[in-house]
Amino acid sequence: MTGGQLVARLDAATAGLPAPLAVVDLDTFDRNAAALVARAAGTPVRLATKSVRVRALVERALAVPGFAGLMAYSLREALWLVETMPGAATDVLVAYPCVDPVALTELCRSPEALARITLVVDDPAHLDRVVAARRAAEGPDAPVRLCLDVDASLRVGPRRWAQVHLGVRRSPVHTPEEAAAFAARVAATSGVRLVGLMFYEAQVAGLPDTSPAVRLVKRLSVRDLDRRRPAVLAAVERHVGTLTLVNSGGTGSIETSAADPVVTEVAAGSGLYAPGLFDGYRALGVQPSAFFGLDVVRHPSPRVVTAYGGGYVASGPPSAVRQPRPVGRGIRLTAREGAGEVQTPLEVSRGVRVPAIGDRVWLRHAKAGEALERFDQVHLVRGSAVVETVPTYRGEGRNHG
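Definitions and cut-offs
- Within each chain, residues carry numbers counting from 1 in the order of the written sequence.
- pLDDT decides what is reported in this predicted model: residues at 70 or higher carry local features, side-chain atom pairs at 80 or more are listed and counted, and totals for whole chains, interfaces and linings draw on all residues regardless.
- In computing side-chain properties, one takes all heavy atoms of the structure into account and sets aside hydrogens as well as water.
- The secondary structure listing takes helices from DSSP runs of H or I that are at least 4 residues long and strands from runs of E that are at least 2 residues long, numbered from the N terminus.
- Only C-alpha atoms enter the radius of gyration, while the globule expectation follows 2.2 Å times N to the 0.38, with N the number of residues.
- For the exposure calls, accessible area comes from a 1.4 Å probe over protein chains only, and a residue counts as buried if that area is under 20% of its type's maximum, exposed if over 50%, partly exposed in between.
- Should any heavy atoms of two residues lie within 4.5 Å, those residues are counted as being in contact.
- Residue burial considers only the protein chains on display, and all accessible areas are found by Shrake-Rupley using a 1.4 Å probe.
- For the charge count, each Lys or Arg is scored as positive and each Asp or Glu as negative, with His and the chain ends excluded.
- Each charge is placed at NZ for Lys, CZ for Arg, CG for Asp and CD for Glu.
- The term polar contact refers here to a pair of N or O atoms within 3.5 Å; inside protein, the definition further demands a hydrogen-donor-capable atom paired with an acceptor-capable atom, and it admits residues adjacent in sequence only when both atoms are side-chain atoms.
- For two strands to be treated as a pair, DSSP must find at least two bridges joining them.
- Interaxial angle, 0 to 180 degrees, is taken between N-to-C directions of lines fitted to C-alpha atoms, where a helix line uses only the stretch in contact.
- Detection works on a 1 Å grid of protein atoms alone, calling trapped sets that fit a 1.4 Å probe cavities and calling open sets with protein on both sides within 12 Å along at least five of seven lines pockets, with lining residues defined by an atom within 4 Å of a point.
- Grid points are joined across faces, edges and corners, and a volume is the space filled by probe spheres set on the points.
- Amino acids outside the nonpolar list (Ala, Val, Leu, Ile, Met, Phe, Trp, Tyr, Cys, Pro) and the charged list (Asp, Glu, Lys, Arg) are all regarded as polar, and Gly is one of them.
- We count a salt bridge whenever a side-chain nitrogen from Lys or Arg sits within 4 Å of a carboxyl oxygen from Asp or Glu.
- Where each domain begins and ends follows an automated or database-derived domain assignment.
- We define buried area as the total accessible area lost by two parts upon association, computed with a 1.4 Å probe and summed across both.

Novice: Sorry if this is basic, but what is going on with the overall build of the protein chain here?
Specialist: Looking only at helices and strands, the protein chain has eleven helices and 19 strands in total. Over its C-alpha trace the protein chain gives a radius of gyration of 22 Å, about what one expects of a compact globule, namely 21 Å for 401 residues. Structurally, the protein chain occupies a C-alpha span of about 70 × 50 × 35 Å along its principal axes. Expressed as a percentage of its 401 residues, the buried residues of the protein chain come to 53%. Contacts in the protein chain between residues far apart in sequence, at least 24 positions, make up 69% of those at least 6 positions apart. Total accessible area on the protein chain is roughly 17,400 Å²; 54% of this is exposed by carbon and sulfur atoms. Computing the positive centroid from 47 side-chain charges and the negative centroid from 39, the protein chain places the two 6 Å apart.

See the structure below:
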C-alpha cells in the first residue's frame, strides 16, 4: 500500500472526528503480532506493555498464540493489570526497579499479586525496600518474587575502569561474579525469592542498522551475551537453585536472543506499532500500524502548511530522528521549527498537492507507545472504517503507571 492510499484510507475512516487523534490499523497490528511470534521460533514472547499502552490492544496481542505474560514498566501498572485483566495477565514482570513504598506494601498484602508479579532488582537497596514493605504490610507469608536485571551492554577494553560502554545505563551487575554475589544476598534475605534473570541488550534491540560499525557492535554484543548469559545463570543458580525465567531481547533482537538455549522467553512490544525509529532496521517483518492525525489550519506560504498540535517528540537524546515522521511522500517537517506543541509546519514538495485548510495530515511517532501518553483514546481502524474506539492508559488514568 502506498503512502497516498494509506492517507486516503485513514482520512475516510476518521472523517468527522476531531483532531489531533490517534489510530491503530488492526489488520497491520495483527500481522505484526504474528511476525514477532514467527521470529521467536517457538520461544514465548512476553509483551512489553510500555510499547502499547492500550489495554484492549494488550489483550488482543496476548490472544495470539506465542505471546505469554506481560512486561510492565511500573509496579502500580502491574497491580492494575492483575486486577483488571485476571484472565490475560497470567504473570507480570516489572522491568524497572520499584522504590514506591505504597505500591510495594500493596503488593505484599495481596496473595494474588505476590503469586503473579515479579520485581526486577539490581541493588541491595531494592531488597531493603522490599523487606521494609513486607514488615509494613503484615501480609501473607508468600515470598516476593524477584528477577535480577543483569547489565547486557558491551564493554570493550582490557580493564574495567577504562572500558568503553556500548549500551544503555541500567544495572550495575555485569559479570557472573557480581551476579553470584547478589544472588547470595537474596538467598540470605527472608521473604524474597530470586526466580529469574533479565538481559536487555539495547545496543542490539534498540539500535537501527545504519552502518557497518553498528552491525559490528551488534555481532560482538550477541557473541558476548552468548558466552555471558550461561555463565551468569550458572553462577546465580549455585546460590538460589534452578531459575524458571531468563528473559532477554526486544523487538530488534528477537532472533539472536531466542537462539540462546538458556533464554526461556523474549520480550517485544514496539514491533506491534513499528514506529519511526524502526525504519532503519533490516528484515523485522513489521509495518507501521499506529498513526496520529492533525488538521491543517494555516497556509503561511504557497508550499508550507501548518497543522494544529503534533509536538510529540520521543524521549532520548535530542535529534531529528526523535521527531514524528509524516506519512506519504513529499511532505516533511521544517528544519527550523520541527513538530511543535501547538503547531507543526510542514513543507510540501513541488508536484505534490498542497493540503487545504481543514485537510488532515498523518504522522508516525518515533517510538512505540509514547505518543499515546498524549491521547485519552485511540480509534481502531479496519479498512476505511473505525470499528471501535478504546481508552489508552492515559484515558484510564494510568499514563504514569
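Novice: Hey, could you run me through helix 5 (residues 101-109) in this one?
Specialist: A turn of α-helix holds 3.6 residues, and therefore any two residues three or four places apart point the same way. Of the positions making up helix 5, those classed as buried are A103, L104, T105, L107 and C108. Those residues of helix 5 hidden inside the fold are in contact with helix 4 (75-84), helix 6 (111-116), strand 5 (117-121), helix 7 (124-137) and strand 6 (144-150). A side-chain oxygen of the first residue of helix 5 lies 3.0 Å from the backbone nitrogen of V102; this N-cap is D100.

Novice: Even after reading the chapter, I still don't get the sheet that holds strand 5, so can you show me in this structure?
Specialist: Pairing between the strands of a sheet is mediated by backbone hydrogen bonds and can be parallel or antiparallel. Strand order in the closed barrel made by the eight strands is 2-3-4-5-6-9-10-11, with parallel pairing throughout. The average undirected angle you get between the axes of adjacent strands in this sheet is 30 degrees. Two strands pair when backbone bridges link them, and strand 4 (residues 92-94) and strand 5 are joined in this way by three bridges, in the parallel orientation. For V92, the partnering residue across the bridge sits in strand 5 and is I117. Running at roughly 145 degrees to strand 3 (residues 67-72), helix 3 (residues 55-62) makes contact with strand 2 (45-48) and strand 3 of the sheet.

Novice: What exactly am I supposed to notice about empty space enclosed by the protein here?
Specialist: Where empty space is left can be seen by rolling a probe of water-molecule size over the atoms. With the rule as written, the count across this model stands at three cavities of 30 Å³ or more. Looking at the largest cavity, its volume works out to about 150 Å³. What lines the largest cavity is a set of 17 residues, and nearest its centre among them are Y273, A290, F291, H365 and A371. Residues belonging to the lining of the largest cavity are distributed by class as follows: 13 nonpolar, two polar and two charged.

Novice: Just to check I follow, could you spell out the pattern of salt bridges for this structure?
Specialist: Tallied over the entire structure, the rule returns 21 salt bridges. For D149, the salt bridge goes to R170, with nearest N and O atoms at 3.1 Å. Of the two residues, D149 is situated in strand 6 and R170 in the loop between strand 8 (164-166) and helix 8 (176-187); the sequence distance between them amounts to 21 residues. Across the salt bridge formed by R325 and D279, the nearest N and O atoms sit 3.0 Å from each other. Of this pair, R325 sits in strand 14 (residues 325-326) while D279 is found in the loop between strand 11 (265-268) and strand 12 (290-301), placing the two residues 46 residues apart along the sequence. Residue R325 is classed as partly exposed on the basis of its relative accessible area, which comes to 23%. The network of salt bridges with shared partners includes D27, D30, R60 and R382.

Novice: Help me out: how do you make sense of the side chain of T251 in this one?
Specialist: Among the secondary structure elements, T251 is positioned in the loop between strand 10 (245-248) and helix 11 (254-258). One polar contact links the side chain of T251 to the main-chain amide nitrogen of G271, over a distance of 3.1 Å.

Novice: I keep staring at the domain arrangement of the protein chain and nothing clicks. Help me out?
Specialist: Reports often express the size of an interface as the amount of accessible area lost when the parts come together. With domains assigned, the protein chain is organised as domain 1 (26-273) and domain 2 (290-395). For domain 1 and domain 2, the distance between their C-alpha centroids amounts to 32 Å. Each side of the interface is counted separately: domain 1 has 20 residues, and domain 2 has 16 residues. Carbon and sulfur atoms supply 61% of the area buried between domain 1 and domain 2, which totals about 1,400 Å² over both sides. Ranking the residues of domain 1 by area buried against domain 2 places L26, R53 and Y273 at the top, with a combined share of 47%. Taken together, domain 1 and domain 2 are joined by three salt bridges. The salt bridge partner of D27 is R382, with a shortest N-O separation of 3.0 Å.

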